[in-house]
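Structural features, examined
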Amino acid sequence: MSDSFDPMFSVQGKIVLISGAGNGLGRAIAIGLAARGAKVGALDFASDQVQEVCDEIISQGGIATPLVADVRDTAALASCLEKLIEKFGVPEIVIAAAGINRRGTAVEMLDKDWQDVIDVNLTGSWNLVRLAAAEMIKAKVQGSMIFISSVASLVGITTGIANYSASKGGINSLTRTLAMEWATLGIRVNAIAPTHFRTPMLEKAISLNPEGAEYFTRNIPLGRLGQPEELVGTIVYLSSAASSMVTGIVLAVDGGHTAR
Ligand SMILES: NC(=O)c1ccc[n+]([C@@H]2O[C@H](COP(=O)([O-])OP(=O)(O)OC[C@H]3O[C@@H](n4cnc5c(N)ncnc54)[C@H](O)[C@@H]3O)[C@@H](O)[C@H]2O)c1
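Please read all numbers here as calculations on a predicted model, not as lab measurements.

1. A look at helix α4 (residues 111-138)
- Relative to the 40 Å expected for 28 residues at 1.5 Å per residue, α4 spans 38 Å between its end C-alpha atoms, a close match to the ideal helical length.
- The largest bend in α4 amounts to roughly 35° and is located at D119.
- Backbone geometry just downstream of α4 places K140 in the positive-phi region, at approximately 55°.

2. Points about the pattern of salt bridges
- The full count for this structure, using the stated rule, is eight salt bridges.
- Salt-bridge contacts for K138 lead to E135; the nearest nitrogen and oxygen are separated by 3.4 Å. Taken together, the residues K138 and E135, both in helix α4 and three residues apart, mark about one turn of the helix.
- Of the residues examined, K138 reaches a relative accessible area of 65% and is grouped as exposed.
- R198 is paired through a salt bridge with E203; the nearest N and O atoms lie 2.9 Å apart.
- One network of salt bridges, with partners in common, ties together E211, E214 and R218.

3. A closer look at the UniProt feature "domain: Ketoreductase" (unreviewed entry) in the protein chain
- In this structure's numbering, the residues bearing the UniProt feature "domain: Ketoreductase" (unreviewed entry) are residues 14-197.
- For residues 14-197, the helix share is 48%, the strand share is 19%, and the end-to-end C-alpha distance is 26 Å.

4. What about the packing of aromatic side chains?
- Across all of its chains, the model carries one aromatic pair by this definition.
- Judged by centre distance (5.1 Å) and plane angle (80°), the ring pair of Y215 and F216 falls under edge-to-face.
- Looking at Y215, the relative accessible area reads 22%, which means it is partly exposed.

5. Re the site of the ligand
- Not every one of the 30 residues close to the ligand is listed here, only the nearest: L25, D44, Y164, F197 and T199.
- Between the ligand and the protein, one listed contact pairs an oxygen atom with a backbone N or O atom of N23 at 3.2 Å.
- In this structure, M201 approaches the ligand through a main-chain N or O atom, which is 3.4 Å from an oxygen atom.
- Relative to its free-state accessible area of 830 Å², the ligand is covered by the protein chains to the extent of 94%.
- Under a 2 Å grid-point criterion requiring more than half of the atoms, the pocket assigned to the ligand is the largest pocket.
- For the shell around the ligand, the secondary structure elements donating two or more residues are α1 (24-35), α5 (162-182) and α6 (200-208).
- Grouping the amino acids of the shell around the ligand by side-chain chemistry returns 15 nonpolar, eleven polar and four charged.

6. Some points on helix α3 (residues 74-87)
- Here α3 contains 14 residues, and its C-alpha end-to-end distance of 20 Å stays within 8% of the 20 Å for a straight helix at 1.5 Å per residue.
- Taken together, the buried positions of α3 are occupied by A76, L77, C80, L81 and L84. Each buried residue of α3 lies within a common arc of 140° when the element is viewed along its axis, so the set occupies one face. In this structure, α3 carries A75, E82 and E86 as exposed residues pointing more than 90 degrees from its buried face.
- Considering only its buried residues, α3 is in contact with β1 (15-19), β2 (39-44), β3 (63-68) and α4.
- A positive backbone phi angle near 125° is found at G89, which sits one or two residues after α3.

The rules behind the values
Residues numbered from 1 in each chain as written. Predicted model: local features only at pLDDT ≥ 70, side-chain atom pairs only at ≥ 80, totals over all residues. Heavy atoms only, no water. Helix = DSSP H or I, 4+ residues; strand = E, 2+ residues; numbered from the N terminus. Expected span 1.5 Å × (residues − 1). Bend = angle between axes of the 7 residues up to and from the residue. Salt bridge = Lys/Arg side-chain N within 4 Å of Asp/Glu carboxyl O. Buried < 20%, exposed > 50% of the residue type's maximum accessible area, 1.4 Å probe, protein only. UniProt positions renumbered as here; feature names shortened; annotations may be inferred. Phe/Tyr/Trp six-rings, centres within 6.5 Å; stacked < 30°, edge-to-face > 60°. Near = heavy atom within 4 Å. Polar contact = N/O pair within 3.5 Å; in protein donor to acceptor, adjacent residues only side chain to side chain. Areas by Shrake-Rupley, 256 points an atom, 1.4 Å probe, with all protein chains shown as cover. 1 Å grid on protein atoms, 1.4 Å probe; cavity = no way out; pocket = protein on both sides within 12 Å on 5 of 7 lines; lining within 4 Å. Sits in = over half its atoms within 2 Å of the grid points. Nonpolar A, V, L, I, M, F, W, Y, C, P; charged D, E, K, R; others polar. Arc of directions from axis to C-beta. Contact = heavy atoms within 4.5 Å.

Below, the structure is given as structure tokens:
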């Protein structure tokens, strides 16, 4: 894989653990980091999908290993971490991208839908980063944690997503708190808040909306939805020495959505 990138932005040889790598944003990030020489532990509960992503990376000359776990299951996550450490070493870059969306107005939302979204998006991300941090701290490995938040944590984008917005608001608080807690250990913690990106999660929302993609594009000043690959540059920035003085931020990658 290419070594010709600016060294300031290099992730060459870095060991990465990424959840939600089987599809959507996580998949694009896994492929994008591997293309830049990172060794990728691609984690998802969709075992076939995560295997496909790793096969694709390896077929392009990259380095990746599939890790299968539900982010709600701490024992399964711990066993994935053990596998990753055995194969590549202790992760230096940890990206929490696994997430779900279950819609319902505040009055009608099912308790289960509230709980599932909080469990996967907030608690699942928490599980991943704290288990990884324990290994990093034990091995004195410095690095970068990146949460995938959402513009839904920063502005009221639509109705029927109270569970989702609350989970992402929790992520922003975790970002700041963990950034403080781990700063002196050389572990930076940041979050990215994307606007609407074309992934299976968004395609489903588009298919359920009478106005389709137009509904989601309307609030984006750049006038279009994001493509998953367009998140890779920000991930490379937050993963590399280019952002060595950056911790505790929520960085909107939103085509101007929150500038309105
Ligand atoms: N697509 C967007 O427009 C958008 C915008 C803002 C934020 N986000 C966030 O980005 C992240 C990725 O979203 P996406 O659009 O790529 O979704 P997606 O549904 O396309 O992909 C999510 C991936 O996470 C995996 N996953 C779900 N639950 C899991 C669990 N419990 N354990 C392990 N893996 C699990 C799925 O199998 C899938 O591979 C989510 O946190 C989402 O909230 C997405």
